[in-house]
Amino acid sequence: QLLPDEKLRLTRSARQSKAHLGLAARLQLRRLLSDILGCTPAEIILTNNPDGRPQLHADHGAAALSLDFSISYTPQGFAICVAKDRRVGVDMQRFNSRPEGNVETLFGSYQQRRHSTNLRPQELWTRMEAYGKMQGEGLAHGLHRLYRIALKPQTADIGCHFVDFRYGSGIS
């Protein structure tokens, strides 16, 4: 069930399919959070912090303060991560089997990268986005800094661990 502000967001969206998917992800997030907090999904109030990162409204009390969550979606689906007492970031990317030129420009060619990682450029980008979301800064955290963290998580400002997966064709 959509809340009034979600219905309004849907009617204002120029890209209906993207809006539907984003709202489906928020609805599923509210269901997950309601199970954790022992209330109904309609009682879950999501707000955004000043950086645009979704968070639980302060009215949910102390139990909600220990929860962190992140959402990502592509036209093929969405991913949600919820954790207690730790920051999380999740990202999904759809990509072609051939990396685009600008990705190669940022990460270097396979020949240049192969000594440091076997991750594909798109997988590195997905890690960078996830870490940026966890920090609440997105890519403003700095591309080279995020790249270093994607390669070596132990260099991050706060402890992190990446879980890489591939879902179907071209999704990381």
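Higher on the page you've got the structure.
Residues numbered from 1 in each chain as written. Predicted model: local features only at pLDDT ≥ 70, side-chain atom pairs only at ≥ 80, totals over all residues. Heavy atoms only, no water.

> Could you clarify how one ought to interpret the pairing of strand 4 (residues 77–84) in this entry?
Along any regular strand the residues' side chains alternate between the sheet's two faces. Bridge count between strand 3 (residues 67–74) and strand 4: 8 bridges; the pairing is antiparallel. Among the inter-strand pairings, Ser-70 is bridged to a residue of strand 4, identified as Cys-81. Hairpin connection between strand 3 and strand 4: a loop of 2 residues separates the two successive antiparallel strands. (Pairing = 2+ DSSP bridges. Helix = DSSP H or I, 4+ residues; strand = E, 2+ residues; numbered from the N terminus.)

> Any chance you could explain the packing of helix 6 (residues 121–135) against helix 7 (residues 143–151) here in plain terms?
Helix-helix packing is characterised by the crossing angle of the two axes and by the distance between the axes. Following both chains from N to C, one finds helix 6 and helix 7 inclined at 110 degrees, their axes separated by 9 Å at the closest point. The angle between helix 6 and helix 7 places the two elements in the roughly perpendicular class. On helix 7, the residues touching Leu-124, Trp-125, Arg-127, Met-128, Tyr-131 and Gly-132 of helix 6 are Leu-143, Leu-146, Tyr-147, Ile-149, Ala-150 and Leu-151. For the contact of helix 6 with helix 7, the class distribution of residues is 10 nonpolar, 1 polar and 1 charged. (Axes fitted to C-alpha atoms, helices over the stretch in contact; angles between N-to-C directions. Parallel < 35°, antiparallel > 145°, perpendicular 65-115°, else oblique. Contact = heavy atoms within 4.5 Å. Nonpolar A, V, L, I, M, F, W, Y, C, P; charged D, E, K, R; others polar.)

> Looking at this structure, how should I read the pattern of salt bridges?
Taken as a whole and judged by the stated rule, the model has 5 salt bridges. A salt bridge links Arg-53 to Asp-68, with the shortest nitrogen-to-oxygen separation between them at 2.4 Å. Taken together, the residues span a long stretch of sequence, with Arg-53 in the loop between strand 1 (46–48) and strand 2 (54–56) and Asp-68 in strand 3 at a distance of 15 residues. For the pair shown, Arg-53 and Asp-68 are each scored as buried. Note that Lys-133 is salt-bridged to Asp-91, the shortest N-O span being 3.3 Å. Here Lys-133 is found in helix 6, whereas its partner Asp-91 is found in the loop between strand 4 and helix 4 (101–107), with 42 residues between them in sequence. (Salt bridge = Lys/Arg side-chain N within 4 Å of Asp/Glu carboxyl O. Buried < 20%, exposed > 50% of the residue type's maximum accessible area, 1.4 Å probe, protein only.)

> Would you explain the environment of Ala-83 in this entry?
In this structure, Ala-83 sits in strand 4. The exposure class assigned to Ala-83 is buried, which follows from its relative accessible area of 12%. Measuring from C-alpha to C-alpha, the distance between Ala-83 and Ser-70 comes to 9.2 Å, with 13 residues separating the pair along the chain. With near-sequence residues (within four places) excluded, Ala-83 lies in contact with Ser-66, Leu-67, Asp-68 and Val-88.

> I keep staring at helix 7 and nothing clicks. Help me out?
Leu-146, Tyr-147, Ile-149 and Ala-150 are the residues of helix 7 that are buried. Buried residues of helix 7, seen end-on, are gathered within an arc of 165 degrees and therefore sit on one face of the element. (Arc of directions from axis to C-beta.)

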